[in-house]
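Here is what each chain is made of, one letter per residue.
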Amino acid sequence: MIIDPDSDLGRSLIAAGVPEADLLSTRVRTWPFSGALTAALPGGRATIFCPRALIENTKGYFYAWIHEYCHVRQARQFGWLGYWRRHLAARIRTRSLLAADDPIEKECYDAS
C-alpha cells in the first residue's frame, strides 16, 4: 500500500514536513514484528515494514510514521547504498540493533 496524500494520515504527514513525493514513492507492508523498518531500494524507492497496529491506529502511532519517513528522506539524501552503509556502521559502532544514540538514528528519533 502507499499512504494516500489526501488521507487523514497523508495530510498530517505533509503538514509535519513529509514531502508528498516521499508518500507516493514509498510502499508500506505489514510484518509480524513489533518494530518498524525502512528499507531503501535502488531507484529512489523505499519500503516501510511495520506491524499492523501502525496501520490500524495511525493517530496513536503518528510519531512512528514521522520516524520512518525521516528514514525515507535519509535514503533519498544518501542513496540506497549510502543509507545501508550508514545504518550498518551505526549498528556496529553502537553494538545495538536500535542504534538510538548514533546520529543516523538520533535524527529520526528527534524528528518524531
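How each quantity is defined
- Residues numbered from 1 in each chain as written.
- Predicted model: local features only at pLDDT ≥ 70, side-chain atom pairs only at ≥ 80, totals over all residues.
- Heavy atoms only, no water.
- Pairing = 2+ DSSP bridges.
- Helix = DSSP H or I, 4+ residues; strand = E, 2+ residues; numbered from the N terminus.
- pLDDT = per-residue confidence, 0-100.
- Salt bridge = Lys/Arg side-chain N within 4 Å of Asp/Glu carboxyl O.
- Buried < 20%, exposed > 50% of the residue type's maximum accessible area, 1.4 Å probe, protein only.

Novice: Could you give me a rundown of the pairing of strand β2 (residues 37-41), with the residues and numbers involved?
Specialist: Across five bridges, β2 lies against strand β3 (residues 45-50) in antiparallel orientation. In the sheet register, A39 faces β3, and the bridge partner there is T47. Connecting β2 to the antiparallel partner β3 that follows it, the hairpin turn spans three residues, and G43 within it adopts a positive phi of roughly 85 degrees.

Novice: Can you break down the confidence of the model for the protein residue by residue, with the values?
Specialist: Overall, the prediction assigns the protein a mean pLDDT of 94, with 100% of residues at 70 or greater. Within the protein, strand β1 (residues 26-30) carries the highest mean pLDDT (97), whereas helix α3 (residues 52-56) carries the lowest (91).

Novice: Explain the pattern of salt bridges residue by residue, including any values.
Specialist: Applying the stated rule across the entire model yields six salt bridges. For the salt bridge of R76 with D22, the shortest nitrogen-to-oxygen distance reads 2.8 Å. Taken together, the residues span a long stretch of sequence, with R76 in helix α4 (residues 62-94) and D22 in helix α2 (residues 20-25) at a distance of 54 residues. Residue R76 is classed as partly exposed on the basis of its relative accessible area of 47%. Salt-bridge contacts for D102 lead to R93; the nearest nitrogen and oxygen are separated by 2.9 Å. Using a relative accessible area of 6% as the deciding quantity, one classes D102 as buried. A residue is classified by how much of its surface remains accessible, and R93, at 54% relative accessible area, is exposed.

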